[in-house]
Amino acid sequence: MSKENNSKDIKERKIEHLKIPLEHDVQHSKNYFNDMKLIHHPIPDIDLEEVDLSTKFFNKKISAPICISAITGGHPISKEINEILAKAAEEENILMSVGSQRAGIEDVTLLDSFKITRDVAPYIPIIGNIGIGQVSDFNFDIQDFSKCIEMINADVMAIHLNVLHELVQDKGDTSYRLFRKNFQKLRETYNIPIIAKEVGTGFNQEVALNLDKLGFDGFDIGGAGGTSFAAIESKRNNLNNQRYTRDPAEVFREWGIPTPISIIYVRNVSQKPIIATGGLRTGIDIAKSIALGADLGGFAYNFLVSSWKDRKEKSISNTVKEIRTLKSELRSCLWLMNIDELAKLKGRRDKYVLLGELYRWLNQ
Ligand SMILES: Cc1cc2nc3c(=O)[nH]c(=O)nc-3n(C[C@H](O)[C@H](O)[C@H](O)COP(=O)(O)O)c2cc1C
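What counts and what doesn't
Residues numbered from 1 in each chain as written. Predicted model: local features only at pLDDT ≥ 70, side-chain atom pairs only at ≥ 80, totals over all residues. Near = placed C-beta within 6 Å. Helix = DSSP H or I, 4+ residues; strand = E, 2+ residues; numbered from the N terminus. Nonpolar A, V, L, I, M, F, W, Y, C, P; charged D, E, K, R; others polar. Pairing = 2+ DSSP bridges. Axes fitted to C-alpha atoms, helices over the stretch in contact; angles between N-to-C directions. Expected span 1.5 Å × (residues − 1). Buried ≥ 20, exposed ≤ 12 C-beta atoms within 10 Å, placed from the backbone. Arc of directions from axis to C-beta. Contact = placed C-beta atoms within 7 Å.

A. Spotlight on the site of the ligand. In the vicinity of the ligand, 25 residues are found, and the nearest of them are Gly-99, His-160, Gly-226, Thr-227 and Ala-300. Put simply, the parts of the chain that give the shell around the ligand at least two residues each are helix H1 (3-23) and helix H15 (301-313). Ranked by residues supplied to the shell around the ligand, first place goes to H1 with three residues. Across the shell around the ligand, the residue classes tally to 10 nonpolar, 14 polar and one charged.

B. Local environment of the sheet that holds strand S5 (residues 95-97). Sheet architecture is closed into a barrel: eight strands sit in the order S4-S5-S6-S7-S8-S9-S10-S11, paired in parallel fashion. The mean inter-strand angle of the sheet, taken between neighbouring strand axes irrespective of direction, is 30 degrees. Pairing of S5 with strand S6 (residues 126-131), which is carried by two bridges, proceeds in the parallel orientation. For Met-96, the partnering residue across the bridge sits in S6 and is Ile-126.

C. Structural view of helix H16 (residues 317-336). Along its 20 residues, H16 runs 28 Å from first to last C-alpha, staying within 8% of the 28 Å computed at 1.5 Å per residue. By the burial criterion, the buried members of H16 are Thr-319, Glu-322, Ile-323, Leu-326, Lys-327, Leu-330, Cys-333 and Leu-334. On an axial view of H16, the arc spanned by its buried residues comes to 130 degrees, and they lie on one face. Turning to H16, the residues buried within the fold contact strand S1 (36-38), strand S4 (66-68), helix H2 (76-92), helix H14 (283-292) and H15. Of the residues one or two after H16, Asn-338 is the one with positive phi, at around 60 degrees.

D. Spotlight on the pairing of strand S7 (residues 156-161). Of all six residues in S7, six are buried; the element is thus mostly enclosed. Of the two faces of S7, the one carrying Val-156, Ala-158 and His-160 and the one carrying Met-157, Ile-159 and Leu-161 are both buried. Strand direction decides the pairing type here: S6 and S7, joined by five bridges, are parallel. Looking at the pairing, Ile-130 lines up with Ile-159 of S7. Bridge analysis of S7 against strand S8 (residues 194-198) gives five bridges, and the strand direction is parallel. Its bridge partner lying in S8, Ala-158 is registered against Ile-195.

E. Layout of the pairing of S6. When you tally the buried positions in S6, you get six out of six residues, the bulk of the element. On S6, burial covers both faces: Ile-126, Gly-128 and Ile-130 on one face and Ile-127, Asn-129 and Gly-131 on the other are all buried.

F. Focus on H2. With 17 residues, H2 should cover 24 Å at 1.5 Å per step; its first-to-last C-alpha distance of 25 Å lies within 8% of that length. Inspection of H2 places Ser-78, Lys-79, Ile-81, Asn-82, Glu-83, Ile-84, Leu-85, Ala-86, Ala-88, Ala-89 and Glu-92 among the buried residues, and these make up the whole buried set. Immediately beyond the C-terminal end of H2, within one or two residues, lies Asn-93, with a positive phi of roughly 50 degrees.

This is the structure we're talking about:
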């Protein structure tokens, strides 16, 4: 396929990816955070305002452990969305990720849709994003990684692992044999922290240990329970839908390791920073993730919804309000547990109970 056609394809796909979760139910049928309860404390010794949500992501201080997860880039509408998200993240001083930067590498006219984030958010930490498919490519050009970093003056880079998504989409990548070898070249060349990011199917313990040893500096869990990329693909005009008696994207829509379980798996084998993503919908879910051992909570769906509203209203107020809501919920939750700082919650097995399917996953 010519580079021009390829970039047109990516552009169209980007816009479908944005619209489908807004117009259809592409969430996993089960949100596993519902199988987890935090332990209430009836007489808090602290005042609500004393709860300190601030934390650090690598060496930058942020006001709360909240990440706007990778959503988009590579289309004029993506530029508007990224501008809204980055302005709101800067105003509230939280962490932000851009979506896959592949489009910006393949077509310079799309660079702006990523670059805008740093233009409007000079201070916050921003995570860049590249896919396992690109890194595993036989013709992988290590300079592409520099281009991603420079595009947004990234503080950290994420390599997203989206093999289920590739499997169920038309002409997706289904060979990753060169990934480790090519990653090692990246690791030897760049000092920037690089995290491994899943997109809705989670990490098992073995792979997490392997990636930790390979030199990854952290993880974005992207477990099952929230947005399902297989479900998104099943709504796209996908040849696979017609090729088989059953649509593979539909059959695999529930596939994956639940986010809470994957947090435990990764924390069992790595002491590096963990962003918990995949089905977090409230500030209570951030607290649950931290109790399981994560450092921050990441949200894609919530911010897709808020920024889409903002785009229509030409504002950033819906997104700012969503961030403030998450902060308020998290603060309230910590107060109801008599905890005044995040470090006192992290990995505290005595602060929660696991029920139903979550319990069975861990105790089979
Ligand atoms: C519209 C959309 C686009 C996404 N694009 C990317 C992407 O380009 N790169 C990536 O690493 N993850 C991408 N993701 C995955 C999210 O970052 C996140 O891991 C996943 O959606 C689970 O979070 P959620 O349940 O809060 O939506 C995307 C998610 C959505 C909804």
